[in-house]
Amino acid sequence: MSTRIGLVVNPTSGKSRGRSLGLEVAARMRAAGHEVLDLTDESYAAARDRALGAIAQGIDVLAVVGGDGMAHLGINLAAETKVPLALIAAGTGNDIARGLGLPVHDPVRAADLVTTGVPHTIDAIRHVDEHGNRRWFGGVLGAGFDAVVNERANTWPWPKGQLRYTLALLRELPLFKAIPYVVTVDGVRHETHAMLVAVGNGPSYGGGMQVLPDAQMDDGLLDVLVLREISTLEFLRVFPKVFKGTHVAHPAVEVLRGRQVTLEAEGIVAYADGERFAPLPLTLEVVPAAVTVLVPAGSRPPSAPGAGR
């Protein structure tokens, strides 16, 4: 059946292969008989505005090509609408797509989900600022050492990519001290000094770091990780374990769950789905089944009931 697809591409994703991948994806969709509206623009904001206009005028599917930043854009556009989201993972991290069991670095298979995929609803996390503006994320929000490193890296025009993040990490690590936090989950207040604080709808960020390994995208709950104050040496021992999710067994790690969380700390800007999100303090709440994504027919996404806890 022919559908009207709004397509947004990040031309710099996949080591700047995004533009060519976008052309390949569009050609694949048109070959399947679909109408494709290219909503890509020179800036993130302009592409967002074009996509919002297309959704208002009526499209059948919103498809985004890129990494977690594009998935973040897609979730913000599709949340609380009836427009299904097709995630065509072509970035370096792809944590959201991977968490849903979608094809990664296989644009042809991912594009075919517009024709063969089935809708699956997932939760999204909503933040409403003091002006009433809503912002969403679908994966993990970091508000500790990881956010400090991101903020440092974003002040440097060079180098690009992962190397910039690595250098920022090396710059911040010797200086970093535990941060005083107030973490309130469903009205229960927790005061602590912590190295890492993360709020997850999904399990991973940063290209496979299983920071909240039991988080599920469709269970109606937020998972909140708190890594309390430890020495720098101990932090260096614990942090690599995040790639397998075994860090949660450390005695300084606590995982809380709830439907609403408020994070309070001085001087921290949180990052969600790898994107600069909002300064603390901020309040986050889970909105069940806020987004519909297209997944392979007959598959059970890793976050589906019965697949996790």
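Before reading on, note that the structure itself is shown above.
Because the structure is predicted, anything quoted here is derived from the model rather than measured.

*Asks:* Please explain the packing of helix H3 (residues 44–57) against helix H4 (residues 68–78) as it appears in this structure.
*Replies:* Contact geometry of H3 with H4 gives a least axis separation of 10 Å together with a crossing angle of 35 degrees. Considering only the axes of H3 and H4, their crossing is right-handed. Contact residues: H3 offers Tyr 44, Arg 48, Ala 51, Leu 52 and Ile 55, while H4 offers Gly 69, His 72, Leu 73 and Leu 77. Here the residues of the contact of H3 with H4 are counted per class, giving six nonpolar, two polar and one charged.

*Asks:* Any chance you could explain the packing of helix H2 (residues 18–31) against helix H6 (residues 107–116) here in plain terms?
*Replies:* The angle between the axes and the distance between the axes are what describe a pair of packed helices. Close contact between H2 and H6 brings their axes to 9 Å; oriented N to C, the two are set at 40 degrees. The angle between H2 and H6 falls in the class oblique. Crossing hand, H2 versus H6: right-handed. Contact residues: H2 offers Leu 21, Glu 24, Val 25, Arg 28 and Met 29, while H6 offers Pro 107, Val 108, Ala 111, Asp 112 and Val 114.

*Asks:* Would you take a moment to explain H4 for this structure?
*Replies:* An α-helical turn contains 3.6 residues, so a residue and the one three or four places further along point in the same direction. Across the eleven residues of H4, ten count as buried, placing the element largely inside the fold. Taken as a whole, H4 has its buried residues at Asp 68, Gly 69, Met 70, Ala 71, His 72, Leu 73, Gly 74, Ile 75, Leu 77 and Ala 78. After H4 finishes, the residue Glu 80 shows a positive phi value of roughly 60 degrees.

*Asks:* So what exactly am I meant to see when it comes to the side chain of Asp 68 here?
*Replies:* Looking at the element boundaries, Asp 68 is found in helix H4. One buried charged side chain, Asp 68, makes no salt bridge at all; its nearest oppositely charged neighbour is Arg 98, positioned 6.6 Å away. Within the structure, the side chain of Asp 68 is placed 3.4 Å from the backbone nitrogen of Asn 94, a separation counted as a polar contact. The contact partners of Asp 68, leaving out residues within four places of it in the chain, are Gly 93, Asn 94, Asp 95, Ile 96 and Asp 273.

*Asks:* Teacher, can you tell me more about a nonpolar patch on the surface here?
*Replies:* Residues Leu 163, Leu 167 and Leu 170 make up a contiguous nonpolar surface patch of roughly 270 Å² in combined accessible area. In this fold, Leu 167 is placed in helix H8 (residues 162–172).

Rules used in this analysis
- Residues numbered from 1 in each chain as written.
- Predicted model: local features only at pLDDT ≥ 70, side-chain atom pairs only at ≥ 80, totals over all residues.
- Heavy atoms only, no water.
- Axes fitted to C-alpha atoms, helices over the stretch in contact; angles between N-to-C directions.
- Helix = DSSP H or I, 4+ residues; strand = E, 2+ residues; numbered from the N terminus.
- Left-handed = near helix turned anticlockwise from the far one by under 90°.
- Contact = heavy atoms within 4.5 Å.
- Nonpolar A, V, L, I, M, F, W, Y, C, P; charged D, E, K, R; others polar.
- Parallel < 35°, antiparallel > 145°, perpendicular 65-115°, else oblique.
- Buried < 20%, exposed > 50% of the residue type's maximum accessible area, 1.4 Å probe, protein only.
- Lys, Arg positive; Asp, Glu negative; His and termini not counted.
- Salt bridge = Lys/Arg side-chain N within 4 Å of Asp/Glu carboxyl O.
- Polar contact = N/O pair within 3.5 Å; in protein donor to acceptor, adjacent residues only side chain to side chain.
- Patch = residues over 30% accessible without salt bridge, like charges linked within 9 Å, V, L, I, M, F, W, Y side chains within 5 Å.
- Areas by Shrake-Rupley, 256 points an atom, 1.4 Å probe, with all protein chains shown as cover.

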